[in-house]
Amino acid sequence: MPDSLRVNVDSIINSASITTKTFIFFDSLTEYPFTPIEKVSAETFVPLKSYEARKAIPNRLVTKPVYLAFKLENTGNETVSLYFFPGSLYSNLQLYKKREPASLQAIEYQNTKSGFVHLTLLPKERITYVVRLQFCKTIFNDINARLITEDFLPYFKMEQDNDFNDRKTVGLILSGILVMMILFTMVNYFLTGRMEFLYNFLYTICMFLLIFFTAYLPESAGRFKVFFIAYFDLFLLIVGTIFYLAFTRKFLNTKEDHPKLNRFLFTEQWVLIVFMVAYTILHYFTDLFVWQMRLENILKFIVLIAGIIYIIIAFVEKNKLMNYLAIGTAAQILFSIFSFILILAGISSQNIFTSSIFYFEVGVILSVIFFLLGLTYKNRQELIVKIKEQEAMKLEVEKKSFETRLAIINAQQEERNRISADMHDDLGSGMTTIRLYSELAKNKIGDNVIPEIDKISTSASELIDKMNAIIWSMSSSNDSLGNMIAYIRSYALEYFENFPAITCKIYIPERLPELEVNGEIRRNVFLVIKEALHNIVKHAQATTVTINLNKEPKGLSLTIQDNGKGIDMENVRSFGNGLKNMKKRMEALDISFSIENNNGTLIKMYRQTLD
């Protein structure tokens, strides 16, 4: 190293690059961890500026020690304290120096951990420095050579960090989004106990740490940064992917719904686990960096190919829930590929839109967003299924309740039918016998009228009529509108045969609606009509009675019109409780009932039967 390349530190203001005055030696042939410094000093150093690979160290040299040598002098009258900065990604730095004209054996060394090598030169002092560097096990190594004054060091660090402020800001914002996602999945796991939330929680933590440390770690140096860049970032990526695969299997219930996909994802999980263990062994227990990088590329290739296969399967299956995760995976793959292209192209990452990590982070966030969309869809589908199940259970309960009520009604109706049959067979025959014997008795006594026998005969006839009406109302075979109208018509015509002075007219539509009319309605309507006809004969002084059954727009009406003297609405005492009972019977059946004067008395009953 010629003295003409000596650097005068007294003239340095803030910082200065000494790449043109620095020499380099790679200890690439040694079989030991490093060559003794006495032997290194005798090796041939070449100018750092002429070493073209200083910005992209070949993989075969990453595990080999490299030595930088430079000469400094302090021409001033004050002690100068400054720092040597060789670059940011070194796992170890050692400093050796010799004061001239001391012999080579006077070299000392100093361990450094901050990434900066501290140098001190007394006034008029000349020193030759040799810095031994151990590269970080990554492809992003480069070699720099810069001197920084002690006062300017904080500003130098700040300058380096400021160059990446936009990237850091975006990274911290995206990290904040992932923190909310972590809280969301954690709360859901504790509330529901569902494993898919736990797996997504662990996946999101890995992605959060990956994005946060990438944004937060300073650009200059540091032991943790070396650990992160060399190993931990890939560890977070692969372990996060393993958790994401476990989440996918649980979230889609692949074990039951998609067995083939489940086997594929399960196999991928274990392949990644095995390869990650092998990568860890290579990284920490060997110097086979070339094989380590090959294995890292294989891991990333497996993740990429598996993601593409999953996307294809999802779209072939045409499962909407699976498609949400597939779209998120596709977004993550596309942005990761674009990020990788930026790395290969060597494009500066100082601009946020040219930062490779930015596009990777965007891909992660998009995958999280599509997971939330998929979760929303899944919750909606599960809610629909749950509602359908509840409705089905409700319908089943209602069906059983209806069947129970129907069974009770059928049992009651059967009992009514039995009672009506017994009444017809036993009571009916008995009352007919009484009336027959009373008629025979009247014939035998001839002209000698016995009032009691007449009363017995009349009472027996009336009881037979009432009993027939009860039997008619109780029998389920008569539960129709047509049967009710036929019975009322028959009764009315037969009733007025006993009163020749009154003409009864009945008008019924040709086609009656097919309506079921239960016994209670038939009986009460019949009793109201019977009471109305009785009142006409007793009070109306009418000569004509007209019974009309009319079809109304939304129901049926039945009117009874006479041409008598009408009803005195101010004084209805003549009707006794009959009118009140008629109205009460109809109101109980939801049948409107009215009575008015209209060229006689008009009674109207109306019930809505159609919606």
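For the structure itself, consult the block above.
Computed from a predicted model, the values in this text were never measured in an experiment.

Undergrad: Sorry if this is basic, but what is going on with unusual backbone geometry here?
TA: Backbone geometry follows two general trends: most residues other than glycine have a negative phi, and most peptide bonds adopt the trans configuration. Look at K124: it is not a glycine, yet its phi comes out positive at around 65°. For K318, which is not a glycine, the phi torsion comes out positive at approximately 55°. By the secondary structure assignment, K318 is in the loop between α8 (289–317) and α9 (320–345).

Undergrad: It is not clear to me how the pattern of salt bridges should be interpreted in this structure. Could you clarify?
TA: For the coordinates displayed, the defined rule picks out six salt bridges. Among the salt bridges present, the one from E73 reaches R126, with a minimum N-O distance of 3.1 Å. Placement of the pair is E73 in strand β5 (residues 66–73) and R126 in strand β10 (residues 126–135), with a sequence separation of 53 residues. Close ionic contact of E296 with K300 constitutes a salt bridge, the shortest N to O distance being 3.0 Å. In this pair, E296 and K300 both sit in helix α8, four residues apart, roughly one turn of the helix. Given a relative accessible area of 39%, K300 falls into the partly exposed group. Several salt bridges share partner residues, and in doing so they unite R194, E196, K378 and E382 into one network.

Undergrad: Can you help me understand the pairing of strand β3 (residues 23–26) in this one?
TA: Regular strands place side chains that alternate from one sheet face to the opposite one. Neither face of β3 is exposed, since F23 and F25 on one face and I24 and F26 on the opposite face are all buried. The sheet contact formed by β3 and strand β4 (residues 46–47) spans two bridges and is antiparallel. Looking at the pairing, F23 lines up with P47 of β4. As paired strands, β3 and β5 are joined by four bridges and run antiparallel to one another. Looking across to β5, one finds that F23 is bridged to A69.

Undergrad: Looking at this model, I keep getting lost on the packing of aromatic side chains. Mind explaining?
TA: Remark: the centre distance and the inter-plane angle together describe each pair of aromatic rings, the angle taken between the planes. For the structure shown, the criterion picks out 38 aromatic pairs. Each ring, one from F213 and one from F224, has its centre 5.0 Å from the other, and the planes form 65°; the classification is edge-to-face. With F213 in helix α4 (residues 195–216) and F224 in helix α5 (residues 223–251), the pair connects residues that are 11 residues apart, well separated along the chain. On the basis of relative accessible area, F224 is assigned to the partly exposed category, the value being 36%. Summarising the aromatic geometry, the rings of F338 and Y359 are spaced 4.7 Å apart at their centres and angled 80° between planes, so their arrangement reads as edge-to-face. Of the two residues, F338 sits in helix α9 while Y359 sits in helix α10 (residues 356–445), which places them 21 residues apart along the sequence. In this structure an aromatic cluster arises from ring pairing among F208, F212, F213, F224, F227, F228, Y231, F232, F235, Y279 and Y284. For the cation-ring pair, R294 lies above W291, with the distance from its terminal atom to the ring centre recorded as 4.7 Å.

Undergrad: How should the side chain of D562 be read in this particular structure?
TA: As for its placement among the helices and strands, D562 is situated in strand β14 (residues 555–562). Buried and without a salt bridge, D562 has K565 as its closest oppositely charged side chain, separated by 10 Å. Among residues more than four places away in sequence, those in contact with D562 are I536, A540, A542, T544, V545, N599, G600 and T601.

Undergrad: Sorry, what's going on with a nonpolar patch on the surface here?
TA: Together, F301, I305, I308, I309, I312 and V316 line one region of the surface with nonpolar side chains, adding up to about 530 Å² of accessible area. Looking at the element boundaries, V316 is found in helix α8. Overall, V316 belongs to the exposed group, its relative accessible area being 63%.

Undergrad: Explanation requested: the nonpolar core in the structure shown.
TA: Across soluble globular proteins, nonpolar side chains show a tendency to be buried alongside one another. Residues F251, L252 and L325 are the most contacted members of the largest nonpolar core, which totals 52 residues. For this core, the elements supplying multiple residues, two or more each, are α3 (165–192), α4, α5, α7 (259–285), α8, α9 and α10. For this core, the element with the highest residue contribution is α5, accounting for 12 residues. Look past the residues within four positions of L325 in its chain and what remains in contact with it is Y244, F247, T248, F251, L252, Y310 and F371. By size, the runner-up hydrophobic cluster in this structure holds 39 residues, among which are F496, V525, V528 and L549.

Undergrad: In this structure, what is going on with the sheet that holds strand β9 (residues 117–121)? I would like to understand it.
TA: Within a sheet, adjacent strands bond to each other through the backbone by hydrogen bonds, running parallel or antiparallel. As summarised here, the arrangement of the four strands in space is β2-β11-β6-β9, forming an open sheet in which the pairing is antiparallel. Sheet topology places β2 (15–17) and β9 at the edges, where each strand pairs with a single neighbour. Across the sheet, the mean angle from the axis of one strand to that of its neighbour is 25°, orientation sign disregarded. The sheet contact formed by strand β6 (residues 80–85) and β9 spans five bridges and is antiparallel.

Definitions and cut-offs
Residues numbered from 1 in each chain as written. Predicted model: local features only at pLDDT ≥ 70, side-chain atom pairs only at ≥ 80, totals over all residues. Heavy atoms only, no water. Helix = DSSP H or I, 4+ residues; strand = E, 2+ residues; numbered from the N terminus. Salt bridge = Lys/Arg side-chain N within 4 Å of Asp/Glu carboxyl O. Buried < 20%, exposed > 50% of the residue type's maximum accessible area, 1.4 Å probe, protein only. Pairing = 2+ DSSP bridges. Phe/Tyr/Trp six-rings, centres within 6.5 Å; stacked < 30°, edge-to-face > 60°. Lys NZ or Arg CZ within 6 Å of the ring centre and 35° of its normal. Lys, Arg positive; Asp, Glu negative; His and termini not counted. Contact = heavy atoms within 4.5 Å. Patch = residues over 30% accessible without salt bridge, like charges linked within 9 Å, V, L, I, M, F, W, Y side chains within 5 Å. Areas by Shrake-Rupley, 256 points an atom, 1.4 Å probe, with all protein chains shown as cover. Core = buried A, V, L, I, M, F, W, Y, C linked by side-chain atoms within 4.5 Å. Axes fitted to C-alpha atoms, helices over the stretch in contact; angles between N-to-C directions.

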